[in-house]
Amino acid sequence: LFETLKRRFPVGALMTAGLVREGQKSSKPYDWFRNRAVFPSLNDSGGVVGFGARSLDGSEPKYLNSPESPVYQKSKTLYGLSWAKEAIRKEGHVVLMEGYLDVARALENGVQEVVATCGTALTAEHARLIRRFTEKVIVNSDQDDAGQNAARKSLDLLLEEGLKVHVVELPAGDDPDTFLKAQGGDAYRQRLADAPPAMEWLIRRSAAENDTKSPAGKGAYLNGLLPVLARIDNAVERMAWLPLIVERGALDEGATREELRRALASRATAVKNRVEAGPAIPPPAPQDRRLVPAE
């Protein structure tokens, strides 16, 4: 790739784009994505801004991604969004996955309203980008511990942005790629239709992870739910979850209401402090060094 592109583009531009790197033992540039299946990352307008690459020979790391550049900010880019926009509007929701192959398998099976993060954790910018197209997000992470923990962390960001969030439940050990390959698009769409609201999913998860028969377990169970419950802006919706939380954890209702009141007060104080602190002064915008053919 380097031998081909250096005839048309300055080496510095290829470095900035992350297509080539300098060797550690020598300064000779080499292809960064060698021996990998390469997936172009597009912005929501359809322009190629970066790449993700999966190892073909089992070498580590399994995935390599383009570095940040003047045209590629991972925190603001969702893989597949340019293809999914119309389907998202039509279906009334977006399905948020973890990987490139998950998205590819979904498209292959006729599920088009799918996107994934580009080798990074979900960010507030991702959540705001999603809200431009829909208010409903169906999160489908891998079913292993890492995937479920990532799903849990993403809920805070999505709910903070005021999005309606549901969580897909797949058989243990599955991810979207393996499930779609084995069961097909119709079975997967049924899973999307059955996806419980985020709060219901969290209640079940927290109840399974904690011994709600012990005082300490009851506290841990509730503490796992309060941050998300406090992020639900609609008071009626928020209080509607309280009976289920109390029932599943065998909690005292009065004490639970008091803990929720404290969580809401703490959140209000944190929001107030952020507002009073004001926005951080952004750094100077980087010079837009686009790939320009060499003279």
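1. Remarks on the nonpolar core
With 42 residues, the main nonpolar core has V137, L155, L158, V165, M199, L229 and I245 as its most contacted residues. Looking at which element gives the most residues to this core, the answer is helix α9 (residues 198–209), with 6 residues. The next biggest cluster of nonpolar side chains, apart from the first, holds 21 residues, and it includes V95, Y100, C118 and F179.

2. Remarks on the packing of helix α7 (residues 176–183) against helix α8 (residues 185–194)
It is at 7 Å that the axes of α7 and α8 come closest, and there the two elements cross at 130°. Classed by the angle they form, the pair α7 and α8 counts as oblique. Where α7 abuts α8, its residues F179, L180 and Q183 lie against G185, A187, Y188 and R191. Residue composition of the contact of α7 with α8, by class: 4 nonpolar, 2 polar and 1 charged.

3. Points about the side chain of N210
Mapped onto the secondary structure, N210 falls in the loop between α9 and α10 (215–223). Within the structure, N210 has its side chain in polar contact with the backbone oxygen of S206 (distance 2.8 Å). With near-sequence residues (within four places) excluded, N210 lies in contact with G217, A220 and Y221.

Definitions and limits used
Residues numbered from 1 in each chain as written. Predicted model: local features only at pLDDT ≥ 70, side-chain atom pairs only at ≥ 80, totals over all residues. Heavy atoms only, no water. Core = buried A, V, L, I, M, F, W, Y, C linked by side-chain atoms within 4.5 Å. Buried < 20%, exposed > 50% of the residue type's maximum accessible area, 1.4 Å probe, protein only. Helix = DSSP H or I, 4+ residues; strand = E, 2+ residues; numbered from the N terminus. Axes fitted to C-alpha atoms, helices over the stretch in contact; angles between N-to-C directions. Parallel < 35°, antiparallel > 145°, perpendicular 65-115°, else oblique. Contact = heavy atoms within 4.5 Å. Nonpolar A, V, L, I, M, F, W, Y, C, P; charged D, E, K, R; others polar. Polar contact = N/O pair within 3.5 Å; in protein donor to acceptor, adjacent residues only side chain to side chain.

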